[in-house]
Amino acid sequence: WSSDVCSSDLKIVMRWILRLLFLAVLLYAVLPYYSLYRLNHALMVDDMAQLNQYIDLEQIKESYKRGLRIEQGGGTNSFTGMLRGTANSMSALTVEQLVTVEWVRRELTGAKQGEVGGSLYDRLDHAFFEAPGKFLVRLGTLEESPSHLIFMRDGWNWRLTSIYQ
């Protein structure tokens, strides 16, 4: 009789462990959509404090700098190296000056400062995981040259880290 009780207790414990595991996976799957919802809300009400919680501005700047960087080419003379270095420095300086939270807001909503732009959901075409810690959002269809937003997990939040056109 005691082995039946032990077996019954083990089944109950295993059910609870499975339920908790299912709940954890469900919560993990829902969190990036919630962050997208909160980001959209912050964009709609023009709440800069809340925007800063869901936008990683430094990562966005770094991704643009990587995209603009001129790599080592075929020529190895000092003049082309100097030109390449100067161009990379100017590109980095331009990104630092132009990419701000307000610029990100304009890119995502199409609104000018003081205006309320459209909702992200009006143009949302795709939103799903690209990797366990990476979430991809596509605004616009593939035929109309969409914007791609990359969200990365930061603790319990998912933050916008890259914008690609």
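Look above for the structure.
Note that this is a predicted model, so its numbers are computed, not measured. (Residues numbered from 1 in each chain as written. Predicted model: local features only at pLDDT ≥ 70, side-chain atom pairs only at ≥ 80, totals over all residues. Heavy atoms only, no water.)

A. Expanded view of the packing of aromatic side chains. Counted by the stated rule, this structure contains 10 aromatic pairs. Between the aromatic rings of Y28 and F129, the centroid separation amounts to 5.9 Å while the plane-to-plane angle is 15°, which identifies the pairing as stacked. Here Y28, found in helix α1 (residues 2-45), pairs with F129, found in strand β1 (residues 124-131); they are 101 residues apart in sequence, far enough to count as distant. In this structure Y28 comes out as partly exposed when scored by relative accessible area, which is 30%. Take F129: its relative accessible area is 22%, and that puts it in the partly exposed class. Consider the rings of Y64 and W103, whose centres lie 5.4 Å apart with planes at 85°: the pair is edge-to-face. Residue Y64 is located in helix α3 (residues 57-68), and its partner W103 is located in helix α5 (residues 101-109); the two are separated by 39 residues in the primary sequence. Ring-pair connections join several aromatic residues into one group, and the members of that group are Y28, Y33, F128, F129, F135, F151 and W158. The side chain of R19 reaches across the aromatic face of W16, ending 5.1 Å from its centre. (Phe/Tyr/Trp six-rings, centres within 6.5 Å; stacked < 30°, edge-to-face > 60°. Helix = DSSP H or I, 4+ residues; strand = E, 2+ residues; numbered from the N terminus. Buried < 20%, exposed > 50% of the residue type's maximum accessible area, 1.4 Å probe, protein only. Lys NZ or Arg CZ within 6 Å of the ring centre and 35° of its normal.)

B. Expanded view of the side chain of Q50. Looking at the element boundaries, Q50 is found in helix α2 (residues 48-54). The class for Q50 is buried, based on a relative accessible area of 8%. Sequence-distant contacts of Q50, that is, excluding residues within four places in its chain, are made with R38, H41 and A42. (Contact = heavy atoms within 4.5 Å.)

C. The arrangement of the pattern of salt bridges in detail. All told, the structure shown has 8 salt bridges when counted by the stated rule. Between E96 and K61 there is a salt bridge, with its nearest N and O atoms 3.4 Å apart. Highlighted residues: E96 in helix α4 (residues 78-98) and K61 in helix α3, separated in sequence by 35 residues. What makes K61 buried here is its relative accessible area of 8%. (Salt bridge = Lys/Arg side-chain N within 4 Å of Asp/Glu carboxyl O.)

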